[in-house]
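Report on the structure
Each chain is listed here by its residues.
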Number of protein chains: 2
Amino acid sequence: MDPIPLYEQFADELEAQILAGTFPEGSRLPSLREAATSRGVSMSTAIQAFRLLEDRGLAEARPQSGYYVKRRHKAPKIVVEADIGPVDPMTVSIDELSMSLFRDKLDPGFAPFGAASPDPALLPIEKLDRIVASIAREGGFAQDSSLWPEGLEELRRSIAQRAFASGFPITPDEIVITAGCTEAMSLCLLATCRAGDLVAIESPGYFGLLLILEALGLHALEIPALPGTGLSLDALEFALDNHPVKALVAMTNFSNPLGALMPEESKDRLASILGSRGIPLIENDIYGELYFGEKRPSVAKSRDDENIMLCSSFSKDISPGYRIGWVAAGSRTKEIVKRKMALTSGASVLPQLAIARYLESGGYDAHLRAIRRAYARRVQGMVEAIEASFPEGTSIAEPEGGYLIWVRLPRGVDSMELYAEAARARIAIAPGTLFSPSRKHKDYIRLNASVWSQKTEKDLVRLGTMVERLAGKARR
Amino acid sequence: MDPIPLYEQFADELEAQILAGTFPEGSRLPSLREAATSRGVSMSTAIQAFRLLEDRGLAEARPQSGYYVKRRHKAPKIVVEADIGPVDPMTVSIDELSMSLFRDKLDPGFAPFGAASPDPALLPIEKLDRIVASIAREGGFAQDSSLWPEGLEELRRSIAQRAFASGFPITPDEIVITAGCTEAMSLCLLATCRAGDLVAIESPGYFGLLLILEALGLHALEIPALPGTGLSLDALEFALDNHPVKALVAMTNFSNPLGALMPEESKDRLASILGSRGIPLIENDIYGELYFGEKRPSVAKSRDDENIMLCSSFSKDISPGYRIGWVAAGSRTKEIVKRKMALTSGASVLPQLAIARYLESGGYDAHLRAIRRAYARRVQGMVEAIEASFPEGTSIAEPEGGYLIWVRLPRGVDSMELYAEAARARIAIAPGTLFSPSRKHKDYIRLNASVWSQKTEKDLVRLGTMVERLAGKARR
């Protein structure tokens, strides 16, 4: 057999790049000279290769302008509905499921009850845009002169000032700026545990944490958490007496998915249980500012500054896309900074600067008051709609903050079956099994109430009808 | 003993916050009402607490305006020079040393031969500023609608197009956007190794990698690397035959600190040594674009797309502070995306968008040509200055790209001693011991030639004098 001629090899390579999307339909291909140089072939070989691409219907020459990727005629796209939801729940791993939640969120056609995203309309986007434009006009922020692994000093100071105003003193020196609350928790776990260690977590609890544990090779010990009051401290004590737990990760205020608020005296007891055993608490307070009551709830951190690492972010109230979070790490700050420096060097300077200016500009408090009221109303609206449209046997954990609602389905309704059916109808929900590494809570779902409109209300009624049908099937 | 009265406790807390810098000198303290509410005390207790702060000389009342942190009179600051460099090299851990390099870089008083930072004057800052301002005018980028864990599609496509033009085809689908090359390498290691595993590295090699290995609990196997050609492949083969190595991390083009360029045929052999054993290569190509010759050197990745993960970033040529890097991970892309999602969710959207627009805007190639010429001249200038001002017995690894120069000191000169002495004279250098976990290479230093001016030339002459003195001492 003859070897494949060089121009044909080159055409094959170009074809692969076109089909992979490197050069999208309609875009200009590299010039013949560029292509020849990059591939190290002669101009005549490049010309032959491009002509072959023309013959294959992939490229077209335009006079005076070079070669372009030809638009291909396709059959009209058919939406393969069965493709959206997994068919067999047992074959879906936590991370595939959570990945699909992540993607459904990006599809504007889906009813947004799945991922725990804030309503984009309730973010201070215009003000951030103005701040960024003014930073750009001042110029020069592309320089790394302010790239410290712990983050911008002005941002850390603003965070400490706000925390003080909220009644929990933390200092700028113990704050490390992170890529969202996600990286804050990752770094705390890296600083307190080694692969193979046991970490106590809430069950049900935030599924993103399960992804972190998996990525770091850590094992999870599930501690029951209850709607209303959150983590069961009796269960925690029992577990700590019987297992070599290296850290606890918990959400004390408006937990995900329960929306539970740990009572003040339970926070006292939590701090003392852990402090007396020297087991660190990684406290995730991402929803703490979104309270519906009179007063911001406290954090456990204020009971034991040394042993508790407080994690939060601006992803729920200012901007998820900026990826700016923080941890106040007490005596473990140096260990956290070291790992931050090792793994990502530091957070991008521009978004840090924009958030720092936003916090300093005033208006954040008024913004928070407005979104607290909005989310309280939306949660109330969704709770009433569930009560009206879901069948008997449904029960609801009504939260006092945040925008997540934990719903128990009628007996016999499997949340994974509902998830798949809802996905086919383009309604995103989070099935309960996501919130436990051992796939407990299969008769629960979590609903995001952050967006609430006539459209979403209608979608919720449709969801209620599905639950009713599945409940009827279960009774037969 | 009487208990401490509540107002005094509150004053103590405020004092601690003032001294910690939460409220800097001259700044406004919270109003009495805010303070009383946040601490849950009465107005009269708050008034007593603030008066006590006044008595302590920490706060002052300003009429109609509230309390301010008083400026404290201090003795003039004395520069404690001996404080800057470590006294006993043996007590300095790699990460403390590298942290101090990181900080020296931020001190404009230091001669910048230490950290491997590009010259800020050679970054396209004005153009980036204009791009960011125009993105801000368009509005709306604070939304997370484009927060995919793998990064913005337009950026991934631009990277693939540029790689194709450079002669190594990678596809947008295998690219994951990261927080610099640092996170790219971290994710590759997390995707291929577990804690306790053995990773082969170059010696001398990039010290940031040592920090990553430490943070992830991985062990390092040092493979000798040589000025000129880089990693010794004979040593690598021997090591792989005798140790359970799980991955190799290497810089094939203009390595740090050697500035070595692996010959094309060695890249072939490297790909085949690893491919036949199924050991993945994490290829760090961060200096690949900064070649001084006619043609961009190739990457090993183009020899074995599946087994080689190619890491790079825009930190050396566009902006270090943006923290935008990438990895093209072939068959391991899904594993990398999963870990990216778990540990940081995704890269900040705004810097990604700015870099994508910059790449699309044209002008990047002209910028690269300009900085290649500039760095080639600076490296040449520094090499000549070393030859002129360092004593006999010094030798230099002259690089063909990048801006790092590896210098062998005359016999008996300890680079840690030189490091400490130079730091006292406000000259930053990177001692050779930084580049090996077993602290080899103590008679070498790495010099950053990215900034080259009359001032830095003078500093280099001063450094040469120090080397001469230490060499004289060693001979006695």
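Residues numbered from 1 in each chain as written. Chains lettered and ligands numbered in written order. Predicted model: local features only at pLDDT ≥ 70, side-chain atom pairs only at ≥ 80, totals over all residues. Heavy atoms only, no water.

1. Structural notes on the overall build of chain A
Put simply, the rule is: Helix numbers and strand numbers start at the N terminus; a helix is a DSSP run of H or I with at least 4 residues, a strand a run of E with at least 2. Summary of the burial criterion: residues with accessible area below 20% of their type's maximum are buried, those above 50% are exposed, and those between are partly exposed, where the area comes from a 1.4 Å probe applied to protein chains only. The contact definition used throughout considers only heavy atoms, calling two residues in contact when any of these lie within 4.5 Å.
For chain A, the count of helices and strands is 15 helices and 16 strands. Once the C-alpha set of chain A is aligned to its principal axes, its extents read approximately 80 × 65 × 45 Å. Across the 476 residues that make up chain A, the buried fraction comes to 60%. In chain A, the proportion of contacts linking residues at least 24 apart, taken out of those at least 6 apart, comes to 74%.

2. Some details on the domain arrangement of chain A
Residue and element names in this part refer to chain A. To keep it simple, the criterion reads: Boundary definitions for the domains trace back to an automatic or database domain assignment. Throughout, buried area stands for the accessible area (probe radius 1.4 Å) lost by two parts on being put together, summed over both.
As assigned here, chain A comprises domain 1 (6-69), domain 2 (88-121 + 370-475) and domain 3 (125-365). Here the C-alpha centre of domain 3 lies 26 Å away from the C-alpha centre of domain 2. Taken together, the 28 residues of domain 2 in the interface contact 28 residues of domain 3. Carbon and sulfur atoms supply 65% of the area buried between domain 2 and domain 3, which totals about 2,500 Å² over both sides.

3. Quick look at the confidence of the model for chain A
Put simply, the test is: Values of pLDDT, the confidence the predictor places in each residue, fall between 0 and 100.
Averaged over all residues, the pLDDT of chain A equals 88, while 91% of them reach at least 70. Both scores are given for the predicted complex: the pTM is 0.86, the ipTM 0.84.

4. Quick word on the relation of the copies chain B and chain A
Selection rule: Alignment of copies: least-squares fit on C-alpha atoms of residues with pLDDT of at least 70 in both copies.
Expressed as a screw transformation, the operator carrying chain B onto chain A has a rotation angle of 180° and an axial translation of 0.1 Å, and the superposed copies differ by an RMSD of 0.1 Å. In short, the pair behaves as if placed about a two-fold rotation axis. Relative to the rotation axis, the C-alpha of Ala133 of chain B is the closest in chain B, positioned 2.4 Å from it. Taken as a fraction of all interface residues of chain B, those also at the interface in chain A reach 99%, which identifies the copy contact as same-surface.

5. Re the pairing of strand S5 (residues 198-203) of chain A
Residues and elements named next belong to chain A. In plain terms, the rule: Here, strands pair whenever DSSP counts at least two bridges between them. Crossover handedness is defined here as right-handed if the route from the first strand over the helix to the second strand goes clockwise, with the strands pointing away from the viewer.
Within S5, six of the six residues are buried, which leaves it mostly tucked inside the rest of the structure. Of the two faces of S5, the one lined by Leu198, Ala200 and Glu202 and the one lined by Val199, Ile201 and Ser203 are each fully buried. Across six bridges, S5 lies against strand S6 (residues 219-226) in parallel orientation. In the strand pairing of S6, Ile201 is matched with Glu222. Taken together, S5, helix H8 (residues 207-216) and S6 constitute a β-α-β crossover, and its handedness is right-handed. Strand direction decides the pairing type here: S5 and strand S8 (residues 245-250), joined by four bridges, are parallel. Bridging across to S8, Leu198 finds its partner in Val245.

6. Focus: the nonpolar core
Our working rule: Definition used in this section: a nonpolar core is a set of buried Ala, Val, Leu, Ile, Met, Phe, Trp, Tyr and Cys residues joined via side-chain atoms within 4.5 Å.
Counting residues in each nonpolar core, the largest one holds 235 residues, and the members touching the most others are Leu189 and Leu463 of chain A together with Leu189 and Leu463 of chain B. With residues up to four places along the chain from it excluded, the contact list for Leu189 of chain A reads Val199, Leu209, Ile212, Leu213, Leu216, Leu218, Val249 and Ile282 of chain A.

7. Thoughts on the environment of Glu202 of chain A
Residues and elements named next belong to chain A. To be explicit about the condition: Throughout this description, a polar contact denotes any pair of N or O atoms lying within 3.5 Å of each other; where both atoms belong to protein, one of them has to be capable of donating a hydrogen while the other can accept it, and for residues adjacent in sequence the pair is counted only when both atoms sit in side chains.
Within the element layout of this structure, Glu202 appears in strand S5. Through-space distance from the C-alpha of Glu202 to that of Ala225 is 5.7 Å; in sequence the pair is 23 residues apart. In contact with Glu202, other than residues within four places in its own chain, are Ile223, Ala225, Leu231, Val249, Ala250, Met251 and Ser255. Reaching out from Glu202, the side chain makes a polar contact with the backbone nitrogen of Met251 at a distance of 2.9 Å.

8. A word on the packing of aromatic side chains
Two measures describe an aromatic ring pair: the distance that separates the ring centres and the angle between the ring planes. All names here are of chain A. Basically, it comes down to this: Between 30 and 60 degrees the pair is tilted, below 30 it is stacked and above 60 it is edge-to-face, where a pair is any two Phe, Tyr or Trp rings, Trp via its six-membered ring, whose centres lie within 6.5 Å. Put simply, a charge is over a ring when the Lys NZ or the Arg CZ is close to the ring centre, within 6 Å, and near the line of the ring normal, within 35 degrees.
Tallied over the entire structure, the rule returns 20 aromatic pairs over all chains. Counting every residue linked through ring pairs, the aromatic cluster contains Tyr206, Phe207, Trp406, Phe435 and Tyr444. Note that Arg62 overlies the ring of Tyr68, its terminal NZ or CZ placed 3.8 Å from the centroid.

9. Focus on the interface of chain B and chain A
Here is the rule: Each salt bridge in this description consists of a side-chain nitrogen of Lys or Arg and a carboxyl oxygen of Asp or Glu lying within 4 Å of one another.
Residue-level contacts link 80 residues of chain B with 79 residues of chain A. Both sides of the chain B and chain A interface together cover about 6,900 Å² of buried area, and 67% of this is carbon and sulfur. On the surface where chain B and chain A come into contact, there are two salt bridges. Between Lys338 of chain A and Glu214 of chain B there is a salt bridge, with its nearest N and O atoms 3.2 Å apart. Summed over the shared surface of chain B and chain A, the number is 18 residue pairs in polar contact (both at pLDDT 80 or more). Among the secondary structure elements, those contributing two or more residues to the side of chain B that touches chain A are helix H1 (6-20), helix H4 (94-106), helix H5 (125-138), helix H6 (153-165), helix H7 (180-192), helix H8 (207-215), helix H11 (333-344) and helix H12 (349-360) of chain B.

10. Notes on the side chain of Asn448 of chain A
Residues and elements named next belong to chain A. With respect to the secondary-structure elements, Asn448 resides in strand S16 (residues 444-448). Of the residues examined, Asn448 reaches a relative accessible area of 2% and is grouped as buried. Engagement of the side chain of Asn448 in a polar contact is seen with the backbone oxygen of Ser117, the distance being 3.1 Å. Here Asn448 is in contact with Pro112, Phe113, Gly114, Ala115, Ala116, Ser117, Met382, Tyr403 and Leu404, once residues within four sequence places are set aside.

11. Let's talk about a negative patch on the surface
All names here are of chain A. Threshold: Think of a patch as exposed residues, more than 30% relative accessible area, with no salt bridge, where like charges cluster within 9 Å and nonpolar side chains (Val, Leu, Ile, Met, Phe, Trp, Tyr) cluster within 5 Å. Under the convention used here, a 1.4 Å probe and the Shrake-Rupley method define accessible areas, while residue burial counts only the protein chains that appear. Charged residues are defined here as Lys and Arg on the positive side and Asp and Glu on the negative side; His and the ends of the chain fall outside this count. For the purpose of locating charges, the reference atoms are NZ of Lys, CZ of Arg, CG of Asp and CD of Glu.
A surface patch of negative charge is lined by Glu384, Glu387, Glu398 and Glu400. Along the chain, the position of Glu387 falls in helix H13 (residues 364-389). Owing to a relative accessible area of 53%, Glu387 belongs among the exposed residues under this scheme.

12. Overview of helix H15 (residues 454-475) of chain A
Each α-helix turn comprises 3.6 residues. Residues three or four places apart therefore point the same way. Definition in use: Here a helix's expected span is defined as the number of its residues, less one, multiplied by 1.5 Å.
Between the first and last C-alpha of H15 of chain A there are 32 Å, a value that for 22 residues agrees with the 32 Å anticipated at 1.5 Å per step. Looking at the buried side of H15 of chain A, the elements it contacts are strand S3 (111-112), H13, helix H14 (415-424), strand S14 (427-428) and S16 of chain A.

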